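Here are the chains, one letter per residue:
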Amino acid sequence: CIDITVIQGEIIIPNIFSPNGDFINDYFVIRGINDYFGISILNKWGEVLFYQYPYKNNWDGRTLSGRLVPEGTYFYILINYFDDKKYSEAFNIIR
C-alpha cells in the first residue's frame, strides 16, 4: 500500500484587475490552483456572470454571453472540488 500526501501550495488571488486590452492584468489570474478548482464570478446582486470548472485563469471581464462588465466591485467564489474548500472575497475591475 502506498500513502500519498497532497500538500496545498499558497493560493494568490488578486483583489483588482484591469481587463482593458493593454496586455497587463487583462485576466483574473489566480496563482497556485489546478484543475480541481472552479470559479463563479458574481455581481453585487448575486447574479452569476461567469462560471468555469476547471478554472483556466482566462476570465477577461466578460459575462458568459460575451458582454463586458463595467468597472466596479464583484465577488468570486473559488471552490477546490478535491477537498471542498471554498474561498470568496470581493475584488475590483478597473479599465
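Residues numbered from 1 in each chain as written. Predicted model: local features only at pLDDT ≥ 70, side-chain atom pairs only at ≥ 80, totals over all residues. Heavy atoms only, no water.

Enquirer: Got a minute to help me understand the environment of Tyr76 in this structure?
Expert: Relative to the helices and strands, Tyr76 resides in strand E4 (residues 72-80). Once residues lying within four places of it in the same chain are set aside, the contact partners of Tyr76 are Ile13, Phe28, Ile39, Ser40, Ile41, Tyr87, Ser88, Glu89 and Phe91. (Helix = DSSP H or I, 4+ residues; strand = E, 2+ residues; numbered from the N terminus. Contact = heavy atoms within 4.5 Å.)

Enquirer: Would you explain the pairing of strand E2 (residues 37-42) in this entry?
Expert: Side chains on a regular strand alternate between the two faces of the sheet. Of all the six residues making up E2, six are buried; the element is thus mostly covered by neighbouring parts of the structure. Residues Phe37, Ile39 and Ile41 line one face of E2 and the alternating positions Gly38, Ser40 and Leu42 line the opposite face, and both faces are buried. The pairing of E2 with E4 spans six bridges and is antiparallel. Across the sheet, the residue bridging to Ile41 is Tyr76, located in E4. Bridge count for E2 against strand E3 (residues 48-52) is four bridges, and the pairing is antiparallel. Bridge pairing links Ile39 to Gln52 in E3. Hairpin geometry of E2 and E3 is characterised by an intervening segment of five residues between the two adjacent antiparallel strands and by a positive phi of about 85° at Gly46. (Buried < 20%, exposed > 50% of the residue type's maximum accessible area, 1.4 Å probe, protein only. Pairing = 2+ DSSP bridges.)

Enquirer: Would you mind showing me how to read the nonpolar core here?
Expert: Across soluble globular proteins, nonpolar side chains show a tendency to be buried alongside one another. Membership of the largest hydrophobic core comes to 19 residues, with the highest contact counts inside it found for Phe28, Ile39, Ile41, Trp59, Leu78 and Phe91. Where this core is concerned, the elements lending two or more residues are E2, E3, E4 and strand E5 (85-93). With sequence-adjacent residues up to four places away left out, Phe28 is seen in contact with Ile13, Pro14, Phe17, Ile39, Ile41, Tyr55, Asn57, Trp59, Tyr76 and Phe91. (Core = buried A, V, L, I, M, F, W, Y, C linked by side-chain atoms within 4.5 Å.)

Enquirer: Sorry if this is basic, but what is going on with the side chain of Ser18 here?
Expert: Position of Ser18 among the secondary structure elements: in the loop between strand E1 (16-17) and E2. Among the residues examined, Ser18 registers a relative accessible area of 11% and is labelled buried. A polar contact of 3.4 Å, which involves the side chain of Ser18, links it to the backbone oxygen of Ile24. Setting aside its immediate chain neighbours within four residues, Ser18 contacts Ile24, Asn25, Asp26 and Ile94. (Polar contact = N/O pair within 3.5 Å; in protein donor to acceptor, adjacent residues only side chain to side chain.)

Enquirer: When you look at a nonpolar patch on the surface in this model, what are you seeing that I'm missing?
Expert: A cluster of nonpolar side chains, contributed by Tyr36, Val48, Tyr51, Tyr53, Leu64, Tyr81 and Phe82, occupies part of the molecular surface with about 750 Å² of accessible area. Of note, Tyr36 is situated in the loop between E1 and E2. Judged by relative accessible area, which is 42%, Tyr36 ranks as partly exposed. (Patch = residues over 30% accessible without salt bridge, like charges linked within 9 Å, V, L, I, M, F, W, Y side chains within 5 Å. Areas by Shrake-Rupley, 256 points an atom, 1.4 Å probe, with all protein chains shown as cover. Salt bridge = Lys/Arg side-chain N within 4 Å of Asp/Glu carboxyl O.)

Enquirer: Is there a simple way to think about the environment of Gly32 in this case?
Expert: When you line up the elements, Gly32 lands in the loop between E1 and E2. Here Gly32 falls in the partly exposed class, since its relative accessible area comes to 41%.

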